[in-house]
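Chain residues, written in single-letter form:
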Number of protein chains: 2
Amino acid sequence: MSNKQPIGFIDSGVGGLTVVKEALRQLPNENILYLGDTARCPYGPRPAEQVIEFTWQMTRFLIDQGIKLLVIACNTATAVALEEIKAQVDIPVIGVIQPGARAALKASQTGKVGVIGTLGTVKSMSYEKELKEKSPTVSVTSLACPKFVPIVESNQFLSPVAKKVVAETLVPLHNKYLDTLILGCTHYPLLRPIIQNVMGKKVTMIDSGAETVNDLSTLLDYFDLNNYDLNDNKICKFYTTGSPKMFQEIADEWLDIRDLIVEHISLDD
Amino acid sequence: MSNKQPIGFIDSGVGGLTVVKEALRQLPNENILYLGDTARCPYGPRPAEQVIEFTWQMTRFLIDQGIKLLVIACNTATAVALEEIKAQVDIPVIGVIQPGARAALKASQTGKVGVIGTLGTVKSMSYEKELKEKSPTVSVTSLACPKFVPIVESNQFLSPVAKKVVAETLVPLHNKYLDTLILGCTHYPLLRPIIQNVMGKKVTMIDSGAETVNDLSTLLDYFDLNNYDLNDNKICKFYTTGSPKMFQEIADEWLDIRDLIVEHISLDD
């Protein structure tokens, strides 16, 4: 059986593009719909109830477009909304936290794992919970990095400002002897070279979004949802609640797709 | 939620122990029940209908013991019985072919992939189908190696005989310019050093069983079936329809478990 319905990806903004990039590489046959709630980004500082509400709005929008599987490609939204949404919708739903935590446990030799994420993700303790449940002896150091998402969303992730902010923000992780650092926000892989440079070469970076694509492949196989139809004109469409221009600039730089289609939509009731 | 029910593994004999070994490493909290149908091994040369019947017998036995998820840790049985069993039982069921095929596509740079397996697996064309559906341009060379399973089951996998048989059997793969070789039988990882030596260092070996454990972790997370209860006395129990002594010798050598419990059972009606 071949299923040409698109896979849906949602994020507070452009962060989920790091997940899409890996999906395009590993799953080149799949049609993709993406929705970034750029107008209300960042989600990190918002109360959980509001993030849940916004995530439901995005979910309903993409389900109405006929997606076959939903990836909550945002750590903040995964932390507070995954369980509820997964339980209530009819399609498979996956988030980015469990795959990231699992990859970190596999990668770490010393059991000293760091997690960087938004305020919301860090406050939710979701990574700590996942890591500790599976490996009670692991030591977890978490750090909220509220300045990172705005840098990425304003397309400054390669700038000298980015270098300065990353270096200053990560100071509390010095002398923690971490051997593994979870990039617990899908925006952060765009800052990865700078983060790696600050943390040092010996620290293994875990890209929670890229890890999620492994789970996505597994679930497409498990639920028999793969698209094998190669004659199909491939759909890869992006929706944003914010400025399509800024979104397109970042997407063009990060992904390698010609004629990227970005459409503005509104989610407010 | 924590679920202490065991995970079930079934195989025609001791081959599935290569999957269990990886499961013990990646999922140390989980309780495990294993059933090897050693008395009727090998499955490879048997007609598909018979393999399906035997696989159902093993499945029913372990479901009666209360497993929460079944791994068909045998390529021959996966090829012919996975779809039917998965559709008809109430617990999640996974096989070893899709994970192996997926890993091979990820690993191969040149798109020239080899598959070695039993007569049954090779005749089923299951790997070709999986590989070609996902990547139509991949070139697949399959080879049945009917002598490998008996060598492993008779605990001769480190012997000079094993070296000779492996070298002779793999001659048809010379000059095929393969860069990736799927060990499409869970017995074969016990012969891996010999196979690697014959194929050369540059060929990447894909252990379909070990890859399956990644899928297993994903599904335990997805269906919320993990065991987090560490105070539990861990169960790791092995059933065989054949000689417990021979089974135990191989299991002792391959796994690193003290006081391995091996019990003889009968599956014939």
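Residues numbered from 1 in each chain as written. Chains lettered and ligands numbered in written order. Predicted model: local features only at pLDDT ≥ 70, side-chain atom pairs only at ≥ 80, totals over all residues. Heavy atoms only, no water.

Chemist: Got a minute to help me understand the relation of the copies chain A and chain B in this structure?
Modeler: The relation between the two chain copies is a rotation about an axis coupled with a shift along that axis. For the pair chain A and chain B, the best superposition has an RMSD of 0.0 Å and corresponds to a rotation of 180° with a translation of 0.0 Å parallel to the axis. When the rotation and shift are considered jointly, the pair of chain copies conforms to a two-fold rotation axis. With an isologous cut-off of 70% or more, the 100% of interface residues of chain A that recur at the interface of chain B puts this contact in the isologous class. (Least-squares fit on C-alpha atoms with pLDDT ≥ 70 in both. Contact = heavy atoms within 4.5 Å.)

Chemist: So what exactly am I meant to see when it comes to the side chain of A:Thr180 here?
Modeler: Residues and elements named next belong to chain A. By the secondary structure assignment, Thr180 is in strand S7 (residues 180-183). Within polar-contact distance, the side chain of Thr180 engages the side chain of Asp179 at 2.9 Å. Sequence-distant contacts of Thr180, defined by excluding residues within four places in its chain, comprise Ala104, Ala107, Ser108, Lys112, Val113, Gly114, Val203, Thr204 and Ile206. (Helix = DSSP H or I, 4+ residues; strand = E, 2+ residues; numbered from the N terminus. Polar contact = N/O pair within 3.5 Å; in protein donor to acceptor, adjacent residues only side chain to side chain.)

Chemist: What should I look at first to understand the packing of helix H2 (residues 48-64) of chain B against helix H3 (residues 75-88) of chain B in this one?
Modeler: Helix-helix packing is described using two parameters, namely the angle between the two axes and the distance between the axes. All names here are of chain B. Running from N to C, H2 and H3 cross one another at 55°; their axes reach a closest spacing of 9 Å. Relative to H3, H2 is oriented oblique. The crossing of H2 and H3 is right-handed. Here H2 contributes Ala48, Val51, Ile52, Thr55, Trp56 and Thr59 to the contact with H3, which in turn contributes Thr76, Ala77, Val80, Ala81, Glu84, Ile85 and Gln88. (Axes fitted to C-alpha atoms, helices over the stretch in contact; angles between N-to-C directions. Parallel < 35°, antiparallel > 145°, perpendicular 65-115°, else oblique. Left-handed = near helix turned anticlockwise from the far one by under 90°.)

Chemist: Could you clarify how one ought to interpret helix H8 (residues 160-169) of chain A in this entry?
Modeler: Note on helix geometry: an α-helix contains 3.6 residues per turn, so any two residues three or four positions apart are oriented the same way. Residue and element names in this part refer to chain A. Burial in H8 covers these residues: Ala162, Val165, Val166 and Thr169. Buried residues of H8 fall within an arc of 100° about the axis and therefore sit on the same side. In H8, the exposed residues that point more than 90 degrees away from the buried face are Pro160, Lys163 and Lys164. Among the structural elements, strand S6 (139-144), helix H7 (148-153) and helix H9 (192-199) are those in contact with the buried residues of H8. (Buried < 20%, exposed > 50% of the residue type's maximum accessible area, 1.4 Å probe, protein only. Arc of directions from axis to C-beta.)

Chemist: It is not clear to me how the packing of aromatic side chains should be interpreted in this structure. Could you clarify?
Modeler: For any two aromatic rings, the description comes down to two numbers: the centre-to-centre distance and the angle of the planes. Scanning the entire structure with this criterion turns up 17 aromatic pairs over all chains. Between the aromatic rings of A:Tyr34 and A:Phe247, the centroid separation amounts to 5.8 Å while the plane-to-plane angle is 55°, which identifies the pairing as tilted. In this pair, A:Tyr34 is assigned in strand S2 (residues 32-36) and A:Phe247 in helix H11 (residues 244-254), connecting sequence segments 213 residues apart. Residues A:Tyr34 and A:Phe247 agree in their burial class; the two are buried. Pairing A:Phe148 with A:Tyr188 gives two aromatic rings, centres 5.1 Å apart and planes at 70°, and the pair type is edge-to-face. Note that A:Phe148 is positioned in helix H7 and A:Tyr188 in the loop between S7 and H9, a separation of 40 residues in sequence. Counting every residue linked through ring pairs, the aromatic cluster contains A:Tyr222, A:Phe223, B:Tyr222 and B:Phe223. Geometry around A:Phe54 places A:Arg40 over its ring, the cationic atom sitting 3.6 Å from the centre. (Phe/Tyr/Trp six-rings, centres within 6.5 Å; stacked < 30°, edge-to-face > 60°. Lys NZ or Arg CZ within 6 Å of the ring centre and 35° of its normal.)

Chemist: Would you take a moment to explain the sheet that holds strand S5 (residues 112-117) of chain B for this structure?
Modeler: Backbone hydrogen bonds hold the strands of a sheet together, and the pairing may be parallel or antiparallel. All names here are of chain B. In space, the four strands of this open sheet follow the order S6-S5-S7-S8, with parallel pairing throughout. In this open sheet, the two strands that pair with only one neighbour each are strand S6 (139-144) and strand S8 (204-207). For this sheet, the mean angle separating the axes of adjacent strands, direction not counted, is 20°. Examined bridge by bridge, S5 and strand S7 (residues 180-183) share four bridges and lie parallel to one another. Pairing of Val115 across the sheet is with Ile182, part of S7. The sheet strands contacting helix H6 (residues 126-134) are S5, S6 and S7, and the helix crosses S6 at an angle near 170°. Contacting S7 and S8, helix H10 (residues 208-222) crosses the sheet at an angle of about 55° to S8. (Pairing = 2+ DSSP bridges.)

Chemist: Hey, could you run me through the UniProt feature "active site" (unreviewed entry) in chain A in this one?
Modeler: Residue and element names in this part refer to chain A. The sites that carry the UniProt feature "active site" (unreviewed entry) are, in the present numbering, Cys74 and Cys185. These residues run over 112 residues, yet every pair of their C-alpha atoms falls within 6.5 Å of each other. Among the structural elements, Cys74 can be located in the loop between strand S3 (69-72) and helix H3 (75-88). The residues touching Cys74, leaving out its near neighbours within four places in the chain, are Ile10, Asp11, Ser12, Tyr43, Val96 and Thr186. (UniProt positions renumbered as here; feature names shortened; annotations may be inferred.)

Chemist: Mind showing me how you'd approach the pairing of strand S9 (residues 236-240) of chain B here?
Modeler: Residue and element names in this part refer to chain B. Burial of S9 is extensive: four of the five residues sit out of reach of the surface. Strand direction decides the pairing type here: strand S2 (residues 32-36) and S9, joined by five bridges, are parallel. Bridge assignment links Ile32 to a residue of S9, and that residue is Cys236. Summarising the sheet, S9 and strand S10 (residues 261-264) pair through four bridges and their orientation is parallel. Counted as the bridge partner of Lys237 is Ile261 from S10. Handedness of the S9-helix H11 (residues 244-254)-S10 crossover: right-handed. (Right-handed = clockwise from strand over helix to strand, strands pointing away.)

Chemist: Looking at this model, I keep getting lost on the environment of B:Thr240. Mind explaining?
Modeler: Residue and element names in this part refer to chain B. Take Thr240: it is sitting in strand S9. With a relative accessible area of 0%, Thr240 lands in the buried category. Separated by 143 residues in sequence, Thr240 and Ile97 place their C-alpha atoms 23 Å apart. Setting aside anything within four residues of it in sequence, one finds Thr240 in contact with Leu35, Gly36, Thr38, Phe247, Val262, Glu263, His264 and Ile265. Separated by 2.7 Å, the side chains of Thr240 and Thr38 make a polar contact.

Chemist: What is the right way to look at the pairing of S3(A) in this model?
Modeler: On any regular strand, side chains alternate: one points to one face of the sheet, the next to the other face. Residue and element names in this part refer to chain A. Burial along S3 is two-sided: Leu69 and Val71 facing one way and Leu70 and Ile72 facing the other are all buried. Relative to S3, strand S1 (residues 7-11) runs parallel, the two sharing four bridges. The residue bridging Phe9 from the neighbouring strand is Val71, located in S3. Where S3 and strand S4 (residues 93-94) come together, two bridges link them in parallel fashion. From the neighbouring strand, Leu70 faces S4, where its bridge partner is Val93. A crossover connection joins S3 to the parallel S4 through H3; in handedness this β-α-β unit is right-handed.

Chemist: Explain the UniProt feature "binding site: substrate" (unreviewed entry) in chain A to me, please; I cannot follow it from the model alone.
Modeler: All names here are of chain A. In the numbering used here, UniProt assigns the feature "binding site: substrate" (unreviewed entry) to Asp11, Ser12, Tyr43, Gly44, Asn75, Thr76, Thr186 and His187. Separation in sequence by 177 residues is not matched in space for these annotated residues, since their most distant C-alpha atoms are only 12.1 Å apart. Structurally, Asp11 can be placed in strand S1. Look at Asp11 and you get buried, because its relative accessible area is 1%. Once you skip the residues sitting within four places of it in the chain, Asp11 turns out to touch Gly16, Tyr34, Leu35, Gly36, Asp37, Met58, Ala73, Cys74, Thr186 and His187. Polar contacts involving the side chain of Asp11 include one to the main-chain amide nitrogen of Gly15, which spans 2.8 Å. Topologically, Gly44 is positioned in the loop between S2 and helix H2 (48-64). The exposure class of Gly44 is buried, given its relative accessible area of 8%. If we ignore the near neighbours within four places in the chain, the residues touching Gly44 are Thr76, Thr118, Leu119 and Gly120.

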